Structures are given as structure tokens and as C-alpha cells.
Amino acid sequence: MKKFNTIDELLKYTENIKGHTFRDFDKDGKLEENLKRNKGALGQIIEEGFYGYSLNNSAKADFDNLGLELKVTGFIRNKNGTISAKERLVLSKIDYNSIVNEEFDFSKLLFKNRKLLIIWYEYEKDKSPADFVVQDFQLYDMDEQGDITIIKNDFEIIKQKVVIGEAHELSEGLTSYLGACPKGINSLDVTNQPNSPEMAMRRAYALKNSYMTGVLRSVKFAFEADGAQYKTIEEYVFAQVSKFIGKTQSAIYEEIFKNKYEERIPKNLNKMISDKIIGKDVELPEKNPLFSKTNYVIKNIPVDKHNYPLERMSFRNLVLSEFEEEWENSRWKNYFEEVTFIVLLYEGNSKIKNGFRIFKDIKKITFNAEDVELFGRTYNTVREAIKTRDISKLPYPKVINGQILEIAPKGQKNDDAYNRFFDRDVTKVCFMIDKDFIFKKLSEDK
DNA sequence: CTCTGATCATGT
DNA sequence: ACATGATCAGAG
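Note that the structure is predicted; figures quoted are calculated from it, not measured. (Residues numbered from 1 in each chain as written. Chains lettered and ligands numbered in written order. Predicted model: local features only at pLDDT ≥ 70, side-chain atom pairs only at ≥ 80, totals over all residues. Heavy atoms only, no water.)

1. A word on the nonpolar core
In terms of nonpolar packing, the biggest core is built from 38 residues, with Trp332, Phe336, Phe341, Phe367, Phe375, Phe431 and Ile433 touching the most fellow members. Elements with a contribution of two residues or more to this core: β10 (295–303), β11 (313–319), α11 (331–338), β12 (339–347), α12 (369–388), β14 (405–409), β15 (426–433) and α13 (435–444). With seven residues, the top contributor of residues to this core is α12. Aside from chain neighbours lying at most four places away, what touches Phe431 is Met313, Ser314, Phe315, Arg316, Leu318, Phe323, Trp332, Thr378, Val382, Leu405, Glu406 and Ile407. (Core = buried A, V, L, I, M, F, W, Y, C linked by side-chain atoms within 4.5 Å. Buried < 20%, exposed > 50% of the residue type's maximum accessible area, 1.4 Å probe, protein only. Helix = DSSP H or I, 4+ residues; strand = E, 2+ residues; numbered from the N terminus. Contact = heavy atoms within 4.5 Å.)

Following this line, the structure appears as C-alpha cells:
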């Protein structure tokens, strides 16, 4: 077996792996076996066929003397030209009986997985695994960019679940980067836990898929086109934001602003982030000429794991005098017809609130004639209410059949938005788009 | 839980 | 001083 005395030596040798297929290293025909039965086969082929050492299941790291663990994992090419991790990266299994006595800083998890040598191959659906190409590799260090503090917190969440005797209620949605992923043969493959008689699914620590996509994109891949001339807005925006995919709002904020919020998280945190990494809406045309062709607006939405919005999408305050215009000639009709929303999705849930949601994806929303017509009904309802000076006629939520646009208060404390609707030309009321409708539009993209 | 009126930090 | 984009939080 080859022995590497320094990380540099190892990396230099590893350069030779680029461009090879697994077939090139498959000395004893592991690929002939049924791969589904041996999911680790690709890793074993690299260990034996490329690095020349025999299989190893101990809690010691693969490149023990360098404190490095080898991971071989796949990525996929998306339709829009970007790349994503194919799967979560499974680390060591969780031992429920020992985790309750473990401190993260001295844990097996950290000991074995803090530094990883990640070998990335390109997964292609129609190819045999033997023909997958190893495209690149990277050194990953949990400690970089402050990720380790979030991973430590995730570890504590998992540990706490076991401590209170709820190992059977673990799920991947509880945590941010480090998940407790199923590791048994199926959900019936259970084991005991220390503080409850209830049997629990076997699980392993895993770096989540979205986090791995961020890790993947944080390295510049040699085979990717450089000197990027972006052809579409999506490509441009993806290029600006993709390295943040899988990260929490706070981590992204800290990375780009070099400071953080300890106590109160601003409600406009996401907009501050998108303003900084993509640009403010008014600056977009000068950032990239593509933006001048249409009216692009960056929106941020919290969603659940199915991309269902946790909130409605809000707009600027209504101005009474704007409603003198008929719908056909109105600013609002013109706006909805022309606008393209670039939507940044942040995944959260009832436990994972603002500040800790995870940047997940980007979508594009435009409105067709049918949508615009429905917006028009809401507009006309406002118009009618103003004409008759009757706030009871306003388009409150769910008062119009098939309503997708509604009004909501929007102001500061004690504004009494509805009762004082007629008091000021710029009202304390705004439009909001219904969640079901946003969900439908999000599902239509890509 | 979801719904919806109310409120917030920031930028200008 | 207040509009903006967005989230909060009590009601049901």
C-alpha cells in the first residue's frame, strides 16, 4: 500500500484520478457483482484499485496519519447546466447507547469525519456505474466557514433526542447540515435505545444533500465552462448563489457581512442577503444586461420540504389614487404582466424559524393571462371599495371565488390599517398572493 | 396545525 | 419619517 506522509503528497497523487472511470481501477471485478447489494463498491474500488490499501471498517480514518477519511460520491448535472450532489453523504452510524455519553468535541463522528477527501464522480442515469467518470476531488474540512458550529448544534439536537428517550422520533428534518438518516435494511430494522423501551430505526450521521450541493459548488471544477457568459438570468443568478445552497440564513449572512445577529433576527434578513449576493432590484440591470430585458424582481420565500410556502408573497403598499385607473390601464396589471420573480427558497418548519432556514433552491415565476385576469378581479374589488368608500367591500382573504390575490395590513404599530384605509393616499394595506397559488406556480418551474 | 391581521429592522 | 419585504403571533 502506498503511504502518504503529507496531505500535499496525497493530493498530488490524487490528481491522477481525474478523468478515469471506475472500470480503470476495478482490478478484481467488483463491478460484476450486483452493485445494489454493495452500495459501497465504488468507494472500495478507489481504495483498493487507486490507493492500494485493503478494506477498513475501523473507526480510524482512512488516511489515518493525515486525519483524513476518504469519501467517494456522485453528482448530477441539472437541466439548467448546474451541478448538484446526487445524495446525502453518509458518515458513521449512530450508536444510541454511546451518544448519550458523548461530547461532540471528542465524538467518534468528529474524530473520523472532520476532514474528508471527497472524490466526485458524475452519475449518469443511462450509464453503467463502471463507466462513471471521476471528475474531480476536494479536501473538505468541517471547521471551514464556521460550518462546524452548526454541525455541532445538529449533533446536540440528535443527542438530546436520544437522551430524552425519543430516538424513535429522530428525523432528518430536525437539523440543518448534519442529519440522522435511516441506515437499516428497512424501517423494520430497529435497535434498542438507552432511555426508552421503544425500539428505534437504525440511523447514521449524514451531511444533507443540499449541504453537499453547497460543498460541491464551493470548488471550481476544472471541467466546467469558465469565463462564464451567462445566457439566461437563471444561469447568472445560480452562479452568484449556488455556493450558498444548503447553508442556513445566519451562516450565509455571517459569511457575506462578516458579522452576526445574536438576539433578534431581522425580518428582512433574506432580502439583505439577496440584495448583497445578487443585487438590489433597481441595480440588477447594471449588474447584467440580461436583467434589462424584463422586469426582474428577487423574492425570498420560506417553504416546507415539499416546497409549500410557509407565508404569502407580499407587495408594496396600496396607493388609493392608483385605483382611479381602470384595470386594463393600471400599473398593477402592467406590473403583473411584465414581472418575472426570481424566487429564492428557504426550507424551514415550525421548529426551524427565520434565521435558521436553509437556502434550498431558486425558481422563476411569471404570470399568464389567466393569472392576470384573476388579479384583476381583486383589483376591481379594491376599486369598488374605494369608489363607495366602504371598507367592508375590500378583497380580504377568501372573499372572491377563486381568489389568488388578497389584501393584508402592512405598517407599523397601531396603524389600524383597515379602519383608517381612507385616511392617507399611501395606505397601510398591501396585496398578498395566496400560498396555494404560489405553490402551484413554483411547481410549474423546471 | 392554519389563517390572517399585525408588526419589525432596514434603507432612503 | 415611513415604505419595503418579510415574518410574527394570537385567534380559531
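Moving on, there is more to tell.
2. Thoughts on the environment of Tyr236
Here Tyr236 is to be found in helix α7 (residues 233–241). Along the backbone, Tyr236 and Phe439 are 203 residues apart, and their C-alpha atoms lie at a distance of 24 Å. In contact with Tyr236, not counting residues within four places along its chain, are Tyr230, Ile278, Lys287, Asn288 and Phe291.

3. Details of the protein's contact with DNA strand B
Near DNA strand B, the surroundings consist of 19 residues, among which Tyr261, Arg264, Lys267, Arg312 and Gly411 are the closest. Measuring from a base oxygen of DNA strand B, one finds a side-chain N or O atom of Arg312 at 2.9 Å. Here Asn414 contributes a backbone N or O atom positioned 3.2 Å from a phosphate oxygen of DNA strand B. In terms of residue class, the surface near DNA strand B is made up of seven nonpolar, four polar and eight charged. (Near = heavy atom within 4 Å. Polar contact = N/O pair within 3.5 Å; in protein donor to acceptor, adjacent residues only side chain to side chain. Nonpolar A, V, L, I, M, F, W, Y, C, P; charged D, E, K, R; others polar.)

4. A word on the packing of helix α8 (residues 249–257) against helix α9 (residues 269–277)
Where α8 meets α9, the axes come as close as 10 Å, and the angle between the chain directions of the two elements is 45 degrees. Classified by the interaxial angle, the pair formed by α8 and α9 is oblique. You can see that α8 and α9 cross each other, and the crossing is left-handed. Contacts between α8 and α9 involve Gln249, Ile252, Tyr253, Ile256 and Phe257 from the first element and Leu269, Asn270, Met272, Ile273, Lys276 and Ile277 from the second. Partitioning the contact of α8 with α9 into residue classes produces eight nonpolar, two polar and one charged. (Axes fitted to C-alpha atoms, helices over the stretch in contact; angles between N-to-C directions. Parallel < 35°, antiparallel > 145°, perpendicular 65-115°, else oblique. Left-handed = near helix turned anticlockwise from the far one by under 90°.)

5. Observations regarding the domain arrangement of chain A
On domain assignment, one finds that chain A holds domain 1 (7–217) and domain 2 (233–444). Between the C-alpha centres of domain 1 and domain 2 the distance comes to 38 Å. Carbon and sulfur atoms make up 55% of the surface buried where domain 1 meets domain 2, a total of about 1,200 Å² over both sides. Between domain 1 and domain 2 we count one salt bridge in total. Here Lys247 makes a salt bridge to Asp147, at a shortest N to O gap of 3.1 Å. Here domain 1 is connected to domain 2 by four residue pairs in polar contact (both at pLDDT 80 or more). Residue assignment for the side of domain 1 that touches domain 2 shows that the elements contributing at least two residues are α5 (147–163) and α6 (209–217). (Domains from an automatic or database assignment. Buried area = accessible area lost by both parts, 1.4 Å probe. Salt bridge = Lys/Arg side-chain N within 4 Å of Asp/Glu carboxyl O.)

6. Some details on the layout of surface pockets
Approximately 1,200 Å³ is the volume found for the second largest pocket. Lys267, Lys299, Asn300, Ser314 and Phe315 are the residues nearest the centre of the second largest pocket, which is lined by 27 residues in total. The biggest single contributor to the lining of the second largest pocket is β10, with six residues. Tallied by class, the residues present in the lining of the second largest pocket amount to ten nonpolar, seven polar and ten charged. (1 Å grid on protein atoms, 1.4 Å probe; cavity = no way out; pocket = protein on both sides within 12 Å on 5 of 7 lines; lining within 4 Å. Points joined across faces, edges and corners; volume = space filled by probe spheres on them.)

7. Looking at helix α2 (residues 41–50)
An α-helix turns once every 3.6 residues. As a result, residues three or four positions apart point the same way. For α2, a buried count of eight out of ten residues is recorded, marking the element as mostly surrounded by other parts of the structure. Burial in α2 covers these residues: Ala41, Leu42, Gln44, Ile45, Ile46, Glu47, Gly49 and Phe50. Each element contacted by the buried residues of α2 is listed here: α1 (7–14), β1 (69–77), β4 (115–122) and β5 (133–141). One or two positions beyond α2, positive phi appears at Gly52, with a value near 70 degrees.

8. Structural notes on the pairing of strand β8 (residues 196–201)
Examined bridge by bridge, strand β7 (residues 190–193) and β8 share three bridges and lie antiparallel to one another. Bridge pairing links Thr191 to Ala200 in β8. (Pairing = 2+ DSSP bridges.)

9. Structural notes on a negative patch on the surface
Side chains of Glu324, Glu325, Glu326 and Asp425 sit close together on the surface and give a patch of like negative charge. Position of Asp425 relative to the elements: it lies in the loop between β14 and β15. (Patch = residues over 30% accessible without salt bridge, like charges linked within 9 Å, V, L, I, M, F, W, Y side chains within 5 Å. Areas by Shrake-Rupley, 256 points an atom, 1.4 Å probe, with all protein chains shown as cover. Lys, Arg positive; Asp, Glu negative; His and termini not counted. Charge placed at Lys NZ, Arg CZ, Asp CG, Glu CD.)

10. What to know about the sheet that holds strand β9 (residues 203–207)
Reading across from one edge, β3-β9-β6 is the order of the three strands in this open sheet, with antiparallel pairing throughout. Strand pairing shows two members of the sheet lacking a second neighbour, β3 (89–93) and β6 (178–182), which therefore form its edges. Each strand of the sheet is rotated relative to its neighbour by a mean of 40 degrees, with strand direction disregarded. Examined bridge by bridge, β6 and β9 share five bridges and lie antiparallel to one another. Each bridged residue has a counterpart across the sheet, and for Cys181 the counterpart in β9 is Ala204.

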